[in-house]
Structures are given as C-alpha cells and as structure tokens.
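These are the residues of each chain, in order.
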Amino acid sequence: MTTWIVLRAAGIGAYLMLWASVTWGLIATTSLFGKRIAKQTATTVHQFLSTVGLVLLGVHLGGLLLDTFMPFRPIDLLVPLHGRFKPVSVAFGIAAMYAMAVVVSTSWIRKRLGTTWWRRIHLLAVPAFILALVHGVFTGTDSVRPWMWWSYVATGAVVLFLVLVRGLTSGYRPPRAAPPPHARPRPTTRAAAGTTASGKAPTAHPAPASRVPARAAAADDPPPAVAARGRARPEDN
Ligand code: HEM
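Residues numbered from 1 in each chain as written. Predicted model: local features only at pLDDT ≥ 70, side-chain atom pairs only at ≥ 80, totals over all residues.

Section: the overall build of the protein chain
Threshold: The helix and strand labels rest on DSSP assignments: H or I over at least four residues marks a helix, E over at least two residues marks a strand, and numbering proceeds from the N terminus.
What the protein chain contains, in helices and strands, is 10 helices and 0 strands. Helices and strands in the protein chain line up, N terminus first, as α-α-α-α-α-α-α-α-α-α.

Looking at the site of the ligand
Test applied: Residue proximity rests on one test: whether the C-beta atom, placed from the backbone, lies within 6 Å of the molecule or strand. All amino acids are sorted into three groups, where Ala, Val, Leu, Ile, Met, Phe, Trp, Tyr, Cys and Pro are nonpolar, Asp, Glu, Lys and Arg are charged, and the leftover types, Gly among them, are polar.
Of all residues adjacent to the ligand, which total 27 residues, the nearest are Gly-11, Gly-93, Gly-136, Gly-140 and Asp-142. If you list the elements that add at least two residues to the shell around the ligand, you get α1 (2-29), α2 (39-66), α4 (87-108) and α7 (125-139). Class assignment of the residues belonging to the shell around the ligand gives a composition of 16 nonpolar, 9 polar and 2 charged.

Considering unusual backbone geometry
For clarity, the cut-off: Neighbour counting defines burial: a residue surrounded by 20 or more other C-beta atoms within 10 Å of its own C-beta is buried, one with 12 or fewer is exposed, and intermediate counts give partly exposed, using backbone-placed C-beta atoms.
The phi dihedral of Leu-81 is positive, around 70°, even though this residue is not glycine. Here Leu-81 lies in the loop between α3 (74-78) and α4. Look at Lys-86: it is not a glycine, yet its phi comes out positive at around 35°. Along the chain, Lys-86 falls in the loop between α3 and α4. Of the residues examined, Lys-86 has 15 C-beta atoms within 10 Å and is grouped as partly exposed.

A look at the confidence of the model for the protein chain
For clarity, the threshold we go by: What pLDDT reports is the predictor's confidence in each residue, on a scale of 0 through 100. What counts as a contact is two residues whose backbone-derived C-beta atoms lie within 7 Å of each other.
For the protein chain, the average pLDDT comes to 81, and 71% of its residues sit at 70 or higher. Of the regions scoring below 50 in pLDDT, residues 191-237 engages in 35 contacts with residues more than four places distant in sequence or in other chains.

Comments concerning the packing of α1 against α7
A pair of packed helices is captured by two measures, namely the crossing angle of their axes and the spacing between those axes. In plain terms, the rule: The angle between two axes is taken between their N-to-C directions and runs from 0 to 180 degrees, where each axis is a line fitted to C-alpha atoms and a helix contributes only its stretch in contact. Roughly parallel means an angle under 35 degrees; roughly antiparallel means over 145; roughly perpendicular covers 65 to 115; every other angle is labelled oblique. By definition, turning the near helix anticlockwise from the far helix through less than a right angle yields a left-handed crossing, and turning it clockwise yields a right-handed one.
Where α1 contacts α7, the two axes come as close as 10 Å, and the packing angle between them is 150°. As summarised for this structure, α1 and α7 are arranged roughly antiparallel, according to the angle between their axes. Crossing geometry of α1 relative to α7 is assigned as left-handed. On α7, the residues that touch Gly-11, Tyr-15, Leu-18, Trp-19, Val-22 and Gly-25 of α1 are Ala-125, Val-126, Ala-128, Phe-129, Ala-132 and Gly-136. Residue composition of the contact of α1 with α7, grouped by class: 9 nonpolar, 3 polar and no charged.

Things to note about the nonpolar core
Going by this rule: We define the nonpolar core as any set of buried residues of the types Ala, Val, Leu, Ile, Met, Phe, Trp, Tyr and Cys, connected via C-beta atoms lying within 7 Å of each other.
Judged by nonpolar contacts, the single largest core of 28 residues is most densely connected at Ala-14, Leu-18, Ala-96, Ala-128, Phe-129 and Ala-132. Of all the secondary structure elements, the ones that give two or more residues to this core are α1, α2, α4, α7 and α8 (146-169). Top contributing element to this core by residue count: α1, with 8 residues. Sequence-distant contacts of Ala-96, that is, excluding residues within four places in its chain, are made with Ala-128, Leu-131, Ala-132 and His-135.

Re the packing of α4 against α7
Look at α4 against α7: their axes get within 8 Å of each other, and the N-to-C directions meet at 155°. Considering their axes alone, α4 and α7 lie roughly antiparallel with respect to each other. Between α4 and α7 lies a crossing of left-handed hand. Across the interface between the two elements, Ser-89, Val-90, Phe-92, Gly-93, Ala-95, Ala-96, Ala-99, Met-100 and Val-103 of α4 pack against Ala-125, Pro-127, Ala-128, Leu-131, Ala-132, Val-134, His-135, Phe-138 and Thr-139 of α7. When its residues are assigned to classes, the contact of α4 with α7 shows 14 nonpolar, 4 polar and no charged.

The following block contains the structure:
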C-alpha cells in the first residue's frame, strides 16, 4: 500500500514538474514577455525542472512495477491498452511518456538536428503535457479531491493561456527604433568581430540604416513605445 501512495505522489510530482517546465519554456521564449530572462538562466531552470520531472516519472513507473495492489508488468508500461487497469486513461500516460522521451532525446542531439527541426519537435512538449493532464484526471484516485481537481484546472488554464499568447504573437518581431538621421551607423557585434553572417569580412562602408527603404506602417504595427522595448531573439543574433 505504501508503494501505491508513493507512486501516486510521484505521478503528481512528475505532472507538476512537466507543467512547470512547459510554462517556464513558454514564458522564457515568448516575445511579448520581452525575453527578459537571461538565456543561460532560462536553460538551467528549464533543464532542472525537466530532470526532476523525469526522475519522478521513473519513481511513478518503478512503483507500478513493484506494487502488488495493482500489479503492472513491464509490457503494460510500454504498450498502450495492454494492461487491465483503466487501459484507456493509462494509454494517455504512456503516450505522454513517449512524447516526453522524444522531446528530451532530441534535445541531446540538438546540434545535429539543427535549430529549426529541434524547435519544431520541442513543441511536442505541449501535447505531452495535455496527454499527462488527461491521464492524471481520468486515472488518478485523487482527481475527485477538490485540491487535485483545481490543480488540474489551474495548470491547464495557465498552459492554454500561454499557448494562445504564443500563437497570437508568433512572428512578432518588434522593429528597432530608427536611429536619428545625423547618427553614424554603429557596427554590429558580428561586424565588430570582423565577420558577417556569411563568414566574409564586412564591407568598408555598410549602408546606413536610414537608407534602407522603410516599410509603410501597417495598421497592426505596435506603438513606438512597445517597439522600443522589443529585443531580438537571442538565437537570431
Ligand atoms: C508523463 C508521464 C506521466 C505522468 C506525468 C503521470 C502522472 C500521473 C498523475 C498526476 C496521476 C494521478 C495520481 C493521483 O491522483 O493520485 C497518475 C496516476 C496513475 N498513473 Fe501516471 N503518469 C505518467 C505516465 C504513466 C504511465 C506510463 C503509466 C503506466 C503505464 C502510468 C500509470 C498510472 C496509474 C496506474 C495511475 C493511477 C494511480 C492512482 O490510482 O492514483 N502513468 N499518473
């Protein structure tokens, strides 16, 4: 019976860590929040939350194998709909586990995959969270308790909100404020280092920013105050 209690607690812990990791990842990379969090801090916290979540998931699954109250075999943990205990809602947990495995393992080979593909695959973390949410609600003994029920509602609502914000602001790159006409163009960091994006040496007289043809202001452009606050994504630099 103790194992059953521990594995349930670990399941709740794994779920909360998955929520925290997804939430943190969305906040740290959404343009609207200005990406105020330093990239190194964002990555460290994100990795810490995911690692604790994976350890707790290991305890959750290990507990199921050890427990005699509702025996699970290794194949029941790996193959959806194989076990006898609430097979459909447990299948959601198994699908969440596989989705998390893909998200984590592709992060280990991020450099080989390339940023574009890694980022696309990494978005699987959101469906993984939703699968875990459905699994917890319909499998858990504690779902009927108000504190657990409201925890599912609150965590689900936060992720839904952040996904909506992310979706509505995707592609939003606030334009930098135009330099005053008399100001000389300042060299970019890359140019200062003596290279360009193509690896070639920069031209002796880069075109001043004011000579770049300006786009007519669109109706949905942000006000200048918002634009001035915006910063480029770290990975765009
Ligand atoms: C990302 C993966 C997973 C997460 C985040 C997760 C999370 C949870 C949560 C939050 C609960 C509810 C605990 C409670 O209400 O007391 C739960 C229950 C349960 N989970 Fe998972 N789970 C995951 C994967 C799995 C897998 C792969 C299996 C087995 C194949 C599994 C089997 C169970 C079972 C049998 C219960 C019922 C325990 C009870 O009666 O409360 N889970 N899980």
